Amino acid sequence: MKVFEAVARHSSVTAAAEELCVSHGAVSQQIRILEEYFGRSLFRRSGRGIEPTLEASAYLADVRACLDRLAIASEQLARRRPGRILKINATPSFAMRWLIPQTSSFQLANPSIELRLSTSPTDEIDQLGEPFDFIIRRDVMRRSDHSCGKIADDVSTALVSPMLLEKHSINAPRDLLAVPLLHLKSRPDAWRGWLGASGVVIGETVAGPYFDHFFLSLQAAINGLGAAVGPFALIQDDLASGRLVAPFPERTLVGPGFHVLYRTAMKDRAGRLFLDWLLAQAGR
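Everything numeric in this text was worked out from a predicted model, so none of it was measured.

Focus on the packing of aromatic side chains
Taken as a whole and assessed by the stated rule, the structure comprises 13 aromatic pairs. Between Trp191 and Trp194 the ring centres are 5.7 Å apart and the planes differ by 90°, which places this aromatic pair in the edge-to-face class. One end of the pair is Trp191 and the other is Trp194, both in helix H7 (residues 190–197) and three residues apart, which spans about a single turn. Trp194 shares its class with Trp191; the two are buried. The rings of Phe94, Trp98, Phe106, Phe134, Phe258, Phe274 and Trp277 are connected pair by pair, giving a single aromatic cluster.

A closer look at the environment of Asp268
Within the secondary structure layout, Asp268 lies in the loop between strand S12 (258–263) and helix H10 (269–283). Residue classification places Asp268 among the partly exposed residues on the basis of a relative accessible area of 29%. Sequence spacing of Asp268 and Arg84 is 184 residues, and the spatial spacing of their C-alpha atoms is 9.3 Å. Those residues in contact with Asp268 that lie beyond four places of it in its chain are Arg84 and Leu86. Here Ala270 takes part through its backbone nitrogen, which lies 3.1 Å from a polar atom of the side chain of Asp268.

A few points about unusual backbone geometry
Not every positive phi belongs to a glycine, and Cys21 is a case in point at roughly 60°. Relative to the assigned elements, Cys21 resides in the loop between helix H2 (13–20) and helix H3 (24–38). Note on Cys21: relative accessible area 69%, which makes it exposed. Positioned with a positive phi, Asp145 is a non-glycine residue whose angle comes to about 65°. Topologically, Asp145 is positioned in the loop between strand S5 (134–137) and strand S6 (146–152).

Thoughts on the environment of Pro173
With respect to the element layout, Pro173 can be found in the loop between helix H6 (162–167) and strand S8 (183–184). Judged by relative accessible area, which is 9%, Pro173 ranks as buried. Sequence-wise, Pro173 and Phe134 are 39 residues apart; in three dimensions their C-alpha atoms are separated by 38 Å. With near-sequence residues (within four places) excluded, Pro173 lies in contact with Trp194, Leu195, Ser198, Val200, Phe248 and Arg251.

Observations concerning the sheet that holds strand S7 (residues 155–159)
Taken in spatial order, the three strands of this open sheet run S10-S7-S11, and their pairing is antiparallel. Every interior strand has two partners, whereas the edge strands, strand S10 (228–231) and strand S11 (253–254), have only one. Direction of pairing for S7 relative to S11: antiparallel, over a ladder of two bridges. Among the inter-strand pairings, Val155 is bridged to a residue of S11, identified as Val254. In the packing of helix H8 (residues 214–222) onto the sheet, contacts are made with S7 and S10, and the angle to S10 comes to roughly 125°.

Some thoughts on the side chain of Thr91
Structurally, Thr91 can be placed in the loop between strand S3 (84–90) and helix H5 (92–109). Apart from the residues lying within four places of it in its own chain, the contact partners of Thr91 are Thr119, Ser120, Ile136 and Arg137.

Focus on the pattern of salt bridges
Enumeration over the complete set of coordinates arrives at 14 salt bridges. A salt bridge links Arg138 to Asp154; its shortest N-O distance comes to 3.0 Å. You can see Arg138 sitting in the loop between S5 and S6 and its partner Asp154 sitting in the loop between S6 and S7, a full 16 residues away along the chain. Of the two residues examined, Arg138 and Asp154, each falls in the buried class. A salt bridge links Asp212 to Lys185; the nearest nitrogen and oxygen atoms lie 3.0 Å apart. Taken together, the residues Asp212 in the loop between strand S9 (210–211) and H8 and Lys185 in the loop between S8 and H7 connect sequence positions 27 residues apart. Looking at Asp212, the relative accessible area reads 45%, which means it is partly exposed. Members of the salt-bridge network, linked through shared partners, are Glu5, Arg9, Glu19 and Arg64.

Conventions used here
- Numbers given for residues are sequential positions, taken from 1 along each chain in its written order.
- It should be noted that, the model being predicted, local features are given only for residues of pLDDT at least 70 and side-chain atom pairs only at 80 or more, the latter also being counted only at that level, while totals for whole chains, interfaces and linings use all residues.
- Working from all heavy atoms in the structure, the side-chain values ignore hydrogens and water.
- Note on ring pairs: Phe, Tyr and Trp rings are taken, using the six-membered ring of Trp, and paired if centres are within 6.5 Å. Classes follow the plane angle, with under 30 degrees stacked, over 60 edge-to-face and the rest tilted.
- Helix and strand labels come from DSSP, where a helix needs a run of H or I of at least four residues and a strand needs a run of E of at least two; each type is numbered from the N terminus.
- Residue exposure (1.4 Å probe, protein chains only): buried if accessible area is under 20% of the type maximum, exposed if over 50%, otherwise partly exposed.
- We call two residues in contact whenever any of their non-hydrogen atoms come within 4.5 Å of each other.
- Polar contacts, as counted here, are pairs of nitrogen or oxygen atoms within 3.5 Å of one another; within protein the pair requires one atom able to donate a hydrogen and one able to accept it, and residues that are adjacent in sequence qualify only if both atoms are side-chain atoms.
- DSSP calls a pair of strands paired once it identifies at least 2 bridges connecting them.
- The angle between two axes is taken between their N-to-C directions and runs from 0 to 180 degrees, where each axis is a line fitted to C-alpha atoms and a helix contributes only its stretch in contact.
- Here, a salt bridge means any Lys or Arg side-chain nitrogen found within 4 Å of an Asp or Glu carboxyl oxygen.

In structure tokens, the structure reads:
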């Protein structure tokens, strides 16, 4: 029936064969089988092509209606198929600044896979209350029967807002000591590490307010409250829009990277699709 409909629609055996990805001979054979079954010709030559006979044209209308109903019924059944749910746990900053913006492309390409994201500030993954398909942290993780792979580099630099640059003359890394330095409770030595890597000797303590999450220190920096240290992986949009400026992008603090933990023997197709997509991000 599909062959009959395609030949009638294209008025060509060759075009029908190309659409159905079969040979010219296979299409001709299917038409012969139909004509033998009905005991009459279904097509007649018209110019360079062929067209259905009057009787075949009437039959064609019913065939098309049946094929349309079959396609609609199949699509409705496919939509009723339960989708796979993948549970992901990440730190709040990584979820907000990287995972949510990045996964939109994956969701559009795989609408039947539901990603359920939860956040937890702790790096102690064994304290997580429920099992997760994927755990993402800013470090290498280890767990029995699991593997760990890097999904993004952890290369940080100093960040300031344009308004802060207008108020302060910042020509060298040392000049940042004249502005409030914004710290993370989870990375209290970030400024010490970045300044030290930039050749700036400092005392035992580095003054400035502390924040629970990176996205809070980032928002403070955007509002001109001080300078922050943050990874390029989480600030691309801010740099591109001009909300933030990296005055010394060549001066960096390199960390172990953002990693994902997953069960080594993962056989679930949805899980493998998402894992392959995640690991591919490291190459980008």
